[in-house]
Amino acid sequence: MLWINVAGVVLIAIIVWWFWLYKSSDVAMQNGAIEVLVKDGVYKPSKIKIPANEESTITFLRSDASTCAETLQIPDLDINATLGLNKKVKVTIPASKPGRHAFHCQMKMYVGELIIE
Amino acid sequence: MSEAKNDESASKHSCCKSKNVATNDLAKDITSGAQDSIDDNSNLAQQEHHLTVEGASCASCVSKIEKALRGVDGVQNAEMNFAQRSVMVTGNVSDASLITAIEIAGYNAKIDASESDEEALDEKEKSDWQYYRKLMRDMTIALLLGVPLMIYGLFIGEMTVNTTGERLVWFTIGLATLGVMYFSGKHFYVGAWNSLKNHSANMDTLIALGTGTAWVYSMVVVAVPDLLPQMARHVYFEATAMIIGLINLGLALEVKARGKTSDAIKRLIGLQAKTARVIRDDKDIDIPIKNVLLNDLIRVRPGEKISVDGTVVEGHTAVDESMLTGEPMPVEKGNGDKVVAGTINKSGSIVFKATRVGKDTALAQIINMVKRAQNSKPPIGRLADAISAYFVPVIMIIAVISALAWLNFGPSPALVFAIVSATTVLIIACPCALGLATPMSVMVGVGKAAEAGVLIRNGEALQTASKITTMILDKTGTITEGVPKVTDVLLADGQDRDHILMLAASIEAGSEHPLAMAIVESAKEQGVAPQKVSGFTSIAGKGVEASLDDSTLLFGNEKLMKDRGINIDGFLDKAQALAAEAKTPMYFAVNKALAAIIAVADPIKTDSIDAIARLQKNGIRIVMLTGDNRLTAKAIADKVGISEFFAEVMPEEKADKVAQLQEEGEVVGMTGDGINDAPALALANVGFAIGTGTDVAIESADITLMRGSLHGLADAIAVSKATLTNIKQNLFGAFIYNVAGVPIAAGVLYPFFGLLLNPVIAGAAMAFSSLTVVTNANRLRFFKAKDH
């Protein structure tokens, strides 16, 4: 039983580390443009780095029919957009101060982070 | 996809461009070259091509671009909309050759991939329908296996593995279940895997883990039953298949129910006309709405929709604007009056000049605003958002703890109890219900408000409007019509009425104040022509002064007269008597002596009394605000049933009054026409702009009431309260569901009642919890604001 309990505790530790403590790498915008694919439960890439104090445009392409995926929200920046299926939708991020802002679908099942540096 | 097409065209073109310089001959070579591929197909129909042009900075660019396009072989016509930087070309021609021609002319161009709201809606409905059918197909496949298995387990036999024959049968069923997982549940597993790689977790993660655990455990039982005690040799293939089937069914029904939440926006989009009858070269031609250009003359016959915004230049009619403003009575329109897209011409035939087209029309702006507001979240949703961020990993931890607890303290077979409880915890938890609780209600509530002619800017305004305790109503234009009329002219001894009216009209002709306009209008009606004054000065909140010939003219309120030392003692009683009749008396002095009192009255809107009573019945304290004198203010307030008012308030003091009430602890709504009360509207907890009609001056207001009636205000508050109640019901339901469901799934009731939830029941509960939220939000569609 001891080993089972230890395994359980380790499993919990892995969950905590994997979902909350791990810092995944981000993808920087190149040549002022970046495209995010909305597919199979995730944004690809999900961490996007854009320059501060400059207007940037992120193009979202939703190829997931799930209705959950159709709304994109960046609450901190008061931005929301409807992503049509298989349509490229350009979302303009106004020139902003450095900071980190979550972007997600209405139900927060799709989550990503916008890093303004 | 459409963008990809753009890129392709652009790259094709850049290749052409590198080989050419901007000379006419070469241009012709390119265009004819680009045309070759089309010329091969002589049956190609005349087509419309829509392009967007970049770099066109002046109106003269229009003719240059149009000329360049008309020079391309096959082009029949080319028209550019400078305001939208778009160009529409008809002809038997390729997009590439058109782009080339524009680039040679010195500009950049690409295919206009933007689609109309209606096209986008059609696409969405089509893709939702396909998704629904896919989910129903997935559900059917899963339940075809799951239901017979469940019936067998419940009524016919044991789902245990004891003999070699049973092992073989269950192994086959295990493989069939794997097929169901692949064909019907693949999206859950792919989504879960992608999320996992992304260090995030969502509903897919829980479903994949729950069904995956049940299947893996069952296959272990089938593969190596001897490793497990006799009582633990139970298989759960039916749970895996049933859960996948039920969750697909829940998602399918949710897609259907979600479609209904956007009924209001569908109705708004449906108001847009598809074609317009444009007069060109003295001929009426029907063209698609997206091809209408600014300043086009458009003919509309009785019963037809107004296609774009414009100004009537010919004819007279009544227009039904109820679909936008909620105002049931048709509005008379004649020369110089504005008409707006989406409204219906009722009686006469008119010609109007297009002043706003495409995405600039009031209807397009309303649709855009409603869409934005529907996607925004009120602060009440923040807690659910914060919880959502941690929800799934926490549920995974609870599942592990639950399994450990059963293994350590549970009865035999502990392993089975551990597996069942962990699976059930993973399956029953529903982050979607939490996530959907707020946005679904906002979607329906904002749409419902739009149907009543109430435009709510965002979720925050919606929430705050439901909490308003005090409503400030600006008098002029809000409680009253805002179109005052002269009712009395009381002359001093020796004064001539027509002469005084001429002088008064002359000085007031320079003012834009509604009272001044009433005097000018009155003089006009009586055939008195105003003359040009000199030295016109407006004294804010008090009046105006000017000179005419040798006379100095001073027109304004009691304060102004006192400031300038004009004796009005002999007229004070008369002025007070007029004020007591809800009229506004104004003093007119000529050469520093009082010459007359001119009284103006602004009729109270017919339904203001009812609407104010309705607001008061809902517990809202009403305060009237006016620049008028106290007596007039009191008379108006008494007439409409308001007991509190601020009178003689200068325009710049309006915001102070809002602040004063806020300091008293009130949640203050401010309603005005947005003309001189923008600071007060901005300072109020919720600013309501009233009676803007279809001219959507929404920037200074949180909520715009498109009709002039104060019932719109009562409707707005009723809808916001109903929406907030709906959100609270949804959040409460979603929280309670998870807070109660997860512990029950973990087995907390087992020690007391011997009750442990079946994973299939958990799957059904999870599938229908989010459906319940969407269905509850849909109840708002039947809410009737006018009954509250």
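Everything numeric here is computed off the predicted structure, so don't read it as measured data.

The rules behind these values
- Residues numbered from 1 in each chain as written.
- Chains lettered and ligands numbered in written order.
- Predicted model: local features only at pLDDT ≥ 70, side-chain atom pairs only at ≥ 80, totals over all residues.
- Heavy atoms only, no water.
- Helix = DSSP H or I, 4+ residues; strand = E, 2+ residues; numbered from the N terminus.
- Rg over C-alpha atoms; globule rule 2.2 N^0.38 Å.
- Contact = heavy atoms within 4.5 Å.
- Areas by Shrake-Rupley, 256 points an atom, 1.4 Å probe, with all protein chains shown as cover.
- Buried area = accessible area lost by both parts, 1.4 Å probe.
- Salt bridge = Lys/Arg side-chain N within 4 Å of Asp/Glu carboxyl O.
- Polar contact = N/O pair within 3.5 Å; in protein donor to acceptor, adjacent residues only side chain to side chain.
- pLDDT = per-residue confidence, 0-100.
- Pairing = 2+ DSSP bridges.
- 1 Å grid on protein atoms, 1.4 Å probe; cavity = no way out; pocket = protein on both sides within 12 Å on 5 of 7 lines; lining within 4 Å.
- Points joined across faces, edges and corners; volume = space filled by probe spheres on them.
- Nonpolar A, V, L, I, M, F, W, Y, C, P; charged D, E, K, R; others polar.
- Buried < 20%, exposed > 50% of the residue type's maximum accessible area, 1.4 Å probe, protein only.
- Lys, Arg positive; Asp, Glu negative; His and termini not counted.
- Phe/Tyr/Trp six-rings, centres within 6.5 Å; stacked < 30°, edge-to-face > 60°.
- Axes fitted to C-alpha atoms, helices over the stretch in contact; angles between N-to-C directions.
- Patch = residues over 30% accessible without salt bridge, like charges linked within 9 Å, V, L, I, M, F, W, Y side chains within 5 Å.
- Expected span 1.5 Å × (residues − 1).

### Observations concerning the overall build of chain B
Item 1. Of regular secondary structure, chain B possesses 28 helices and 26 strands.
Item 2. Its C-alpha radius of gyration of 36 Å places chain B more than 25% over the 28 Å reference for a compact globule of 788 residues.
Item 3. C-alpha extents for chain B along the principal axes are approximately 125 × 80 × 45 Å.
Item 4. Across chain B, contacts joining residues at least 24 apart in sequence account for 70% of those joining residues at least 6 apart.
Item 5. Summed over all atoms, the accessible surface of chain B reaches about 33800 Å², with 57% contributed by carbon and sulfur.

### Focus: the interface of chain B and chain A
Item 1. The interface is formed by 50 residues belonging to chain B together with 42 residues belonging to chain A.
Item 2. Together, the buried faces of chain B and chain A total about 4000 Å²; carbon and sulfur atoms form 57% of this surface.
Item 3. Counting every contact that joins chain B to chain A gives three salt bridges.
Item 4. K87(A) is the partner of E123(B) in a salt bridge, and the nearest nitrogen-oxygen pair spans 3.1 Å.
Item 5. Our enumeration of links across chain B and chain A arrives at eleven residue pairs in polar contact (both at pLDDT 80 or more).
Item 6. At the level of secondary structure, the elements contributing two or more residues to the side of chain B that touches chain A comprise α1 (2-18), α5 (117-156), α7 (186-197), α9 (237-261), α12 (362-375), α13 (382-409) and α15 (431-451) of chain B.

### What about the confidence of the model for chain B?
All names here are of chain B.
Item 1. Here chain B averages 84 in pLDDT, and 91% of its residues register 70 or above.
Item 2. A low-confidence stretch, residues 1-45 stays under pLDDT 50, and its non-local contacts, those more than four residues away or across chains, total 44 contacts.
Item 3. Complex prediction metrics read pTM 0.77 and ipTM 0.85.

### Some thoughts on the sheet that holds strand β5 (residues 275-280) of chain B
All names here are of chain B.
Item 1. On the basis of which strands lie adjacent, the open sheet formed by six strands has the order β6-β5-β7-β13-β8-β11 and antiparallel pairing. Edge strands, defined here as strands with exactly one partner in the open sheet, are β6 (283-288) and β11 (338-339).
Item 2. Pairing of strand β8 (residues 309-314) with β11, which is carried by two bridges, proceeds in the antiparallel orientation. Residue pairing across strands places G310 opposite V339, the latter belonging to β11.

### Here's the deal with empty space enclosed by the protein
Space left empty within the atom packing is revealed by a probe, the size of a water molecule, rolled over the atoms.
Residues and elements named next belong to chain B.
Item 1. Inspection of every chain in the model, using the stated rule, returns one cavity of 30 Å³ or more.
Item 2. The computed volume of the largest cavity comes to approximately 60 Å³.
Item 3. Lining the largest cavity, in full, are M203, I247, G250, L251, E254, C430, C432, M766, A767 and S770.
Item 4. Elements with a contribution of two residues or more to the lining of the largest cavity: α9 and α28 (759-779).
Item 5. In terms of residues, the lining of the largest cavity owes the most to one element, α9, which gives four residues.
Item 6. Considered class by class, the residues forming the lining of the largest cavity number seven nonpolar, two polar and one charged.

### Notes on the environment of F555(B)
All names here are of chain B.
Item 1. Tracing the backbone shows F555 in strand β19 (residues 551-556).
Item 2. For F555, a relative accessible area of 1% translates into the label buried.
Item 3. In this structure, the C-alpha to C-alpha distance between F555 and A682, residues 127 residues apart in sequence, is 32 Å.

### Some details on the side chain of D204(B)
Residues and elements named next belong to chain B.
Item 1. Assignment of secondary structure puts D204 in helix α8 (residues 203-223).
Item 2. Buried charge D204 goes without a salt bridge, the closest partner of opposite sign being K134 at 10 Å.
Item 3. Setting aside residues no more than four positions away along its own chain, D204 makes contact with H187, F188, G191 and A192.

### Remarks on the packing of aromatic side chains
To describe a pair of aromatic rings, one takes the distance between the centres and the angle between the planes.
Item 1. Here the structure, examined in full by the defined rule, presents 18 aromatic pairs over all chains.
Item 2. A ring pair is formed by Y43(A) and F60(A), whose centres lie 6.1 Å apart and whose planes are at 75 degrees; its orientation type is edge-to-face. Here Y43(A) is found in strand β3 (residues 42-44), whereas its partner F60(A) is found in strand β5 (residues 56-62), with 17 residues between them in sequence.
Item 3. On the basis of relative accessibility, which here comes to 1%, the residue F60(A) falls in the buried class.
Item 4. For the ring pair Y182(B) and F183(B), a centre distance of 5.2 Å and an interplane angle of 85 degrees mean the geometry is edge-to-face.

### So, the sheet that holds strand β20 (residues 584-590) of chain B
Residues and elements named next belong to chain B.
Item 1. The six strands are arranged β16-β21-β20-β19-β18-β17 in an open sheet whose pairing can be described as antiparallel. One side of each edge strand has no neighbouring strand; the edge strands of this open sheet are β16 (485-491) and β17 (534-539). Averaged over all adjacent pairs, the angle separating strand axes in this sheet is 20 degrees, with direction ignored.
Item 2. With four bridges connecting them, β19 and β20 associate as antiparallel partners. Across the sheet, the residue bridging to G556 is Y587, located in β20.
Item 3. Along the sheet, helix α18 (residues 497-508) contacts β16, β17, β18 (543-548), β19, β20 and β21 (593-601); its crossing angle with β18, the most-contacted strand, is approximately 110 degrees.

### Overview of the pattern of salt bridges
Proximity of charged atoms lets side chains of opposite charge pair with each other.
All names here are of chain B.
Item 1. Counted under the stated rule, the structure contains 38 salt bridges over all chains.
Item 2. Of the charged contacts, one joins E125 and K266 as a salt bridge, the two residues approaching to 3.4 Å between their closest N and O atoms. Here E125 is found in helix α5, whereas its partner K266 is found in helix α10 (residues 263-270), with 141 residues between them in sequence.
Item 3. A residue is classified by how much of its surface remains accessible, and E125, at 36% relative accessible area, is partly exposed.
Item 4. Its relative accessible area of 24% is what places K266 among the partly exposed residues.

### What to know about unusual backbone geometry
Item 1. Cis peptide bonds are those with omega within 30 degrees of zero, and the linkage from K44(A) to P45(A) qualifies with -5 degrees.
Item 2. Its location among the elements puts P45(A) in the loop between β3 and β4 (47-50).
Item 3. Between S412(B) and P413(B) the backbone carries a cis peptide bond, its omega angle lying at -5 degrees.
Item 4. Mapped onto the fold, P413(B) is located in the loop between α13 and α14 (414-428).
Item 5. Here D40(A), not a glycine, exhibits a phi torsion of approximately 50 degrees, which is positive.
Item 6. Here D40(A) shows up in the loop between β2 (33-39) and β3.
Item 7. Here the phi dihedral of N53(A) falls at roughly 60 degrees; this positive angle occurs in a residue that is not glycine.
Item 8. Position of N53(A) among the secondary structure elements: in the loop between β4 and β5.

### A closer look at a nonpolar patch on the surface
All names here are of chain B.
Item 1. A surface patch of nonpolar side chains, amounting to about 610 Å² of accessible area, comprises V147, I151, Y152, L154, F155 and I156.
Item 2. One can find Y152 in helix α5.
Item 3. The exposure class of Y152 is partly exposed, given its relative accessible area of 32%.

### Some thoughts on α9(B)
Item 1. Between its first and last C-alpha atoms α9(B) spans 36 Å; for 25 residues at 1.5 Å apiece the expected length is 36 Å, and the two agree.
Item 2. Among the 25 residues in α9(B), 22 count as buried, and that is most of the element.

### Details of the pairing of β8(B)
Item 1. Pairing of β8(B) with strand β13 (residues 350-356) of chain B involves five bridges; the strand directions are antiparallel. Residue pairing in the sheet places D309(B) in a bridge with R356(B) of β13(B).

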